[in-house]
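Observations on chain architecture
Residues per chain, in single letters:
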Amino acid sequence: MKARNPNEMMRTFVFGSAQYASPDKDGYISVELKITNEEMVSKIVSGEYRGLSVAWKVRKWECSIRHENLEECPHEVGRRYDDLICQMIARDIQAIELSVVSVPQDPRCRIIDMLVVRNRKNPEYIWYGFRVNTELDRFKNIQKAYERGLIPAKATFFFSKFFSINSEGKAVFP
Ligand SMILES: [Zn+2]
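A few points on the structure.

Conventions we followed
- Residues numbered from 1 in each chain as written.
- Predicted model: local features only at pLDDT ≥ 70, side-chain atom pairs only at ≥ 80, totals over all residues.
- Heavy atoms only, no water.
- Helix = DSSP H or I, 4+ residues; strand = E, 2+ residues; numbered from the N terminus.
- Buried < 20%, exposed > 50% of the residue type's maximum accessible area, 1.4 Å probe, protein only.
- Contact = heavy atoms within 4.5 Å.
- Areas by Shrake-Rupley, 256 points an atom, 1.4 Å probe, with all protein chains shown as cover.
- Lys, Arg positive; Asp, Glu negative; His and termini not counted.
- Charge placed at Lys NZ, Arg CZ, Asp CG, Glu CD.
- Donors = N, O, S within 2.8 Å, 3.2 Å for Na, K, Ca; no water.
- Pairing = 2+ DSSP bridges.

**A few points about the overall build of the protein**
A count of helical and extended segments in the protein gives 3 helices and 9 strands. Secondary structure elements of the protein occur, N-terminal to C-terminal, as β-β-α-β-β-β-β-β-β-α-α-β. Reported as C-alpha extents along the three principal axes, the dimensions of the protein are approximately 65 × 35 × 30 Å. For the protein, the residues scored as buried account for 36% of the 174 residues in total. Partitioning the contacts of the protein with sequence separation of at least 6, the portion at a separation of at least 24 is 61%. Accessible surface, the protein as shown: approximately 10900 Å² in total, 48% of it carbon and sulfur. Treating the 27 positive side-chain charges of the protein as one cloud and the 23 negative ones as another, the clouds have centres 8 Å apart.

Listed below in structure tokens is the structure:
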């Protein structure tokens, strides 16, 4: 477990969905961001700032016809081959810059969940669940928070159970 800064009484993480340019229907990945500006937290809760703006780095492009490395395949992007048009699919993608904005370019690029951890003797975990794109978004984010060591197993179970009944809302553990 990582050492904690004793002065850090409150830590906030947001989880969201971000899009990258891709003809795939899976052109979304989940992103995570630590919020250091406390004023931002209330703006995210109120809905004033929930959009995400992302800069991507694509390490590999794939051809949509044979799903091979685009640099090595014989097709030309944008040309038709029988019934298929060769398109570039982004693979091996990394978000290099992520920021919270009031109005995102793509409305699906936004904060879906926010976790506030209050470091007390008995830490308190507050999960805010906002509107999701797909039903699985929230569970993926809760699971991700657990895998990152941000929430304990008991809180993971509690939040998953809470949000299976309420798709949006605020849950506090313990
Ligand atoms: Zn190709």
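On we go from here.
**Things to note about the coordination of the zinc ion**
Geometrically, a metal with four donors at the corners of a regular tetrahedron has ideal angles of 109.5 degrees, and one with six donors at the corners of a regular octahedron has ideal angles of 90 or 180 degrees. Taken together, the protein ligands of the zinc ion are Cys-63 (SG), Cys-73 (SG) and His-75 (ND1), with distances of 2.0 to 2.3 Å. We note that the donor set of the zinc ion lies within a single chain, spaced as C-x9-C-x1-H. Of this pair, Cys-63 sits in strand β3 (residues 51-63) while Cys-73 sits in the loop between β3 and β4 (80-81), and the two are 10 residues apart along the sequence. In terms of burial, Cys-63 and Cys-73 fall into one category: buried.

**Remarks on unusual backbone geometry**
Here Phe-173 and Pro-174 are connected by a cis peptide whose omega angle stands at 0°. Located in the positive-phi region is His-67, a residue other than glycine, with phi close to 55°. Among the secondary structure elements, His-67 is positioned in the loop between β3 and β4. The class of His-67 is partly exposed, set by a relative accessible area of 45%. A positive phi is found at Asp-82, a non-glycine position, where the angle reads about 55°. Judged by its relative accessible area of 74%, Asp-82 is exposed.

**Some thoughts on the pairing of strand β8 (residues 124-129)**
Extensive coverage of β8 is indicated by the burial of 6 of its 6 residues. Side chains Glu-124, Ile-126 and Tyr-128 project from β8 onto one buried face, and the interleaved Tyr-125, Trp-127 and Gly-129 project onto a second face that is buried too. In terms of strand pairing, strand β7 (residues 110-118) meets β8 through 6 bridges, oriented antiparallel. If you follow Met-114 over to β8, its bridge partner there is Tyr-128. What sits between β7 and β8 in their antiparallel hairpin is a turn of 5 residues. Taken together, the 5 bridges between β8 and strand β9 (residues 169-173) define a ladder with antiparallel strand orientation. Across the sheet, Tyr-128 pairs through a bridge with Lys-170, a residue of β9.

In short, geometric facts, not functional conclusions.
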